[in-house]
Amino acid sequence: MIFYLAVLIVMTLLGASASLFLKKASGSEGIFGLIKNVNFYAGGILYLLAALLNIYILKFLDYSVVLPLTSFTYIWTMALSYFVLKEKITGRKLVGVALILAGAVAVSM
């Protein structure tokens, strides 16, 4: 069980990292600039890996547990946006993520 939860955490980290790469790719000029942007492909590959891990996890854990726990992606997204993109983390954002996580844990129990 612990192994599968660890894989689930890795899956959420991959999803958040994929979003970061796609955010970086969003600065491309037009569709051709996007197609030439390596961040676009890195984000896509990371999303694919996250999806494959999701499918794998669903083999062993209940869907009603896996889906709520994917909200851990919000933690990684907030951390990446703060450390990599230098975005501000407000108290309101912290409270929002805490409430989402509390709800996800409550639903998955």
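Residues numbered from 1 in each chain as written. Predicted model: local features only at pLDDT ≥ 70, side-chain atom pairs only at ≥ 80, totals over all residues. Heavy atoms only, no water.

Draft legend 1. Up close: the nonpolar core. In terms of nonpolar packing, the biggest core is built from 12 residues, these being Val-7, Leu-8, Met-11, Leu-14, Ala-18, Leu-46, Ala-50, Ile-57, Leu-61, Val-65, Val-66 and Leu-69. Sorting the residues of this core by element identifies helix H1 (2-25), helix H3 (38-58) and helix H4 (63-69) as the ones contributing at least two each. When residues of this core are assigned to their parent elements, the largest contribution, 5 residues, is made by H1. Residue contacts for Ala-50: discarding those within four places in its chain leaves Met-11, Leu-14 and Gly-15. (Core = buried A, V, L, I, M, F, W, Y, C linked by side-chain atoms within 4.5 Å. Buried < 20%, exposed > 50% of the residue type's maximum accessible area, 1.4 Å probe, protein only. Helix = DSSP H or I, 4+ residues; strand = E, 2+ residues; numbered from the N terminus. Contact = heavy atoms within 4.5 Å.)

Draft legend 2. Region of interest: the packing of aromatic side chains. Here the structure, examined in full by the defined rule, presents 6 aromatic pairs. Geometrically, the ring pair formed by Tyr-4 and Tyr-56 is tilted, given 6.3 Å between the ring centres and 55° between the ring planes. Taken as a pair, Tyr-4 in helix H1 and Tyr-56 in helix H3 lie far apart in primary sequence, 52 residues in all. One aromatic cluster is present, formed by Phe-3, Tyr-4, Tyr-56 and Phe-60 through successive ring pairs. (Phe/Tyr/Trp six-rings, centres within 6.5 Å; stacked < 30°, edge-to-face > 60°.)

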